[in-house]
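Chains, contacts and geometry: an overview
The primary structure of each chain is shown beneath.
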Amino acid sequence: MHTTPSATTTQVVLPGLVEPSGLELATVPTPTPDAGQLLTEMEATGVSFAEQSMRKGRYFGQPAFPFVPGYDLVGRVLEVGPGGDATLIGRRVATLTKTGAWATHAVVAARDSILVPDRVSSEDAETVVVNGVTAWQMLHRAARVQPGQTILLFGANGGVGGILIQLARLHGVRVIGAASPRHHEALRAAGVIPVDYADPELATRVRELVPNGVDAVFDNVGGQTTRTAFGLLARGGTLVTYSIISTVGGTGPLMAPFLLAIGQALLWTALPNGRSSTFYDLWAGHRFRPARFRRHLEADLGEVFRLLEHGDITANIAARFPLTEIVAAMELAESRTLNGKVVLHP
């Protein structure tokens, strides 16, 4: 199927440091893809923690204002750039974009785009693009968790956490999930042992559950939580830091805390204590090792799509909004009351 592109595109613009109500809608000419690019008609995109951080100017490496947010999308290919693979026209792809996905039409990089299986809906696929790749790579590449092991997961109620729980349980891994008490019932239903992430006695509680320590910790908080998490590792265990919410949510500079976290991980790994630490970056290798990045993206997102297609994991959609209702969508996503992802449709 080959659809003629619309002459105009509707996009959401983040004009500066504004509240969600300050997001703007704009109509612009539909772009044309260059070499290595695809023009896609967006079928689903979503709201993630990255866009919430960008709204506050707190996402490391975000572009200058104004810009179009949107970390990932699922769309149908309308055109390929010069020299591109014309067989992609009419097919659906999932793409990592970092920015630019909140638009009815978007030009995306072909090398960051993976075909979506026919039996997976666009909105289900959208929930596992960034979140699924991140969860899969942290579990299987960064921490190399094995069946029968136990992990501690911070952000257990988040988008990444929800997918990681499913992947871990599918792999025969015991999960202790740190989250606010209002999410504990849902976590128990998912087969997780919940603990309160703000409990001063969290370390004691985890030690009661796993006296010898956990085999991996996935930490998205940073600061003192990271230090506590490293102390809860068993010998041979791995701490994977995948965000620093304590810093992103603050007002100070961003560069120093990220460099400190990376340096701390290197130092802890070098210590002769049999434990290791790493700072997970989804985009690692994107610029300097593009072939390897593409290989891992294709393999890992492809596997997540396969599990979704076969019903081994499920998409967790908290709410759906048309792109034109981005203000309401953003306000709901930032309410911290959801368990799942807010999905946007064109």
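Scroll up for the structure.
Conventions and cut-offs
Residues numbered from 1 in each chain as written. Predicted model: local features only at pLDDT ≥ 70, side-chain atom pairs only at ≥ 80, totals over all residues. Heavy atoms only, no water. Helix = DSSP H or I, 4+ residues; strand = E, 2+ residues; numbered from the N terminus. Rg over C-alpha atoms; globule rule 2.2 N^0.38 Å. Buried < 20%, exposed > 50% of the residue type's maximum accessible area, 1.4 Å probe, protein only. Pairing = 2+ DSSP bridges. Axes fitted to C-alpha atoms, helices over the stretch in contact; angles between N-to-C directions. Arc of directions from axis to C-beta. Polar contact = N/O pair within 3.5 Å; in protein donor to acceptor, adjacent residues only side chain to side chain. Contact = heavy atoms within 4.5 Å. Salt bridge = Lys/Arg side-chain N within 4 Å of Asp/Glu carboxyl O. Phe/Tyr/Trp six-rings, centres within 6.5 Å; stacked < 30°, edge-to-face > 60°. 1 Å grid on protein atoms, 1.4 Å probe; cavity = no way out; pocket = protein on both sides within 12 Å on 5 of 7 lines; lining within 4 Å. Points joined across faces, edges and corners; volume = space filled by probe spheres on them. Nonpolar A, V, L, I, M, F, W, Y, C, P; charged D, E, K, R; others polar.

Counting its secondary structure elements, the chain contains eleven helices and 15 strands. Radius of gyration (C-alpha) of the chain: 20 Å, near the 20 Å computed for a compact globule of 346 residues. Principal-axis analysis of the C-alpha atoms gives the chain an extent of 60 × 40 × 40 Å. Every one of the 346 residues in the chain was classed for burial, and the buried ones make up 50%.

So, on to the sheet that holds strand β12 (residues 233-241). Here we have six strands laid out as an open sheet, ordered β10-β9-β8-β11-β12-β13, and parallel in their pairing. On the outer flanks of this sheet lie β10 (193-196) and β13 (276-279), each paired with one strand and no other. On average, each strand axis in the sheet is tilted by 15 degrees relative to the strand beside it, whichever way the strands run. In this structure, strand β8 (residues 150-154) lies alongside strand β9 (residues 174-179), joined through five bridges in parallel fashion. What sits directly across from T150, in β9, is R174.

Turning our eyes to something else, we now look at helix α7 (residues 224-231). For α7, the complete set of buried residues consists of T226, A229 and F230. Buried residues of α7, viewed axially, fall in a sector of 95 degrees; they line one side.

This brings us to the side chain of S113. Secondary-structure assignment places S113 in strand β7 (residues 113-115). Judged by its relative accessible area of 6%, S113 falls in the buried class. Looking at S113, its side chain comes within polar contact range of the main-chain oxygen of A109, at 2.8 Å. Excluding its chain neighbours within four sequence positions, the residues that come into contact with S113 are L38, V93, A94, T95, V108 and R294.

Moving on to the environment of F230. When you line up the elements, F230 lands in helix α7. F230 sits in the buried class, given a relative accessible area of 6%. Separated by 14 residues in sequence, F230 and A216 have C-alpha atoms that sit 9.0 Å apart. Discounting residues that sit within four places of it in the chain, F230 has contacts with L239, W268, N273, R275, S276 and S277.

Enumeration according to the criterion identifies eleven salt bridges in this entry. For E334, the salt bridge is made with R55, and the minimal N-O distance between the two is 2.8 Å. Linking E334 in the loop between α11 (326-333) and β15 (341-345) with R55 in helix α1 (residues 49-55), this pair joins segments that are 279 residues apart in sequence. Assessed through its relative accessible area of 6%, R55 is described here as buried. Of the charged contacts in the structure, one is a salt bridge between E309 and R119, with a shortest N-O distance of 3.2 Å. Taken together, the residues span a long stretch of sequence, with E309 in helix α10 (residues 290-309) and R119 in the loop between β7 and α2 (122-127) at a distance of 190 residues. Overall, R119 belongs to the exposed group, its relative accessible area being 64%. Salt bridges sharing common partners tie together E19, R55 and E334.

Next up on the list: the packing of aromatic side chains. Considering all chains together, one arrives at four aromatic pairs under this definition. Here the aromatic rings of Y71 and W283 are separated by 6.2 Å at their centres, their planes lie at 65 degrees, and the arrangement is edge-to-face. You can see Y71 sitting in the loop between α1 and β4 (72-80) and its partner W283 sitting in the loop between β13 and α10, a full 212 residues away along the chain. Judged by centre distance (6.1 Å) and plane angle (10 degrees), the ring pair of W283 and F293 falls under stacked. Of the two residues, W283 is situated in the loop between β13 and α10 and F293 in helix α10; the sequence distance between them amounts to ten residues. On the basis of relative accessibility, which here comes to 9%, the residue F293 falls in the buried class. Taken together, Y59, Y71, W283 and F293 form an aromatic cluster joined through their ring pairs.

Put simply, the second largest pocket is a space of about 260 Å³. For the second largest pocket, the lining is made up of 19 residues, of which G162, I163, Q166, N316 and N339 are closest to its centre. Of all elements in the fold, only α4 (159-170) and α5 (184-189) reach the threshold of two or more residues within the lining of the second largest pocket. Element by element, the count of residues in the lining of the second largest pocket is highest for α4, at five residues. Of the residues assigned to the lining of the second largest pocket, the class counts are seven nonpolar, eleven polar and one charged.

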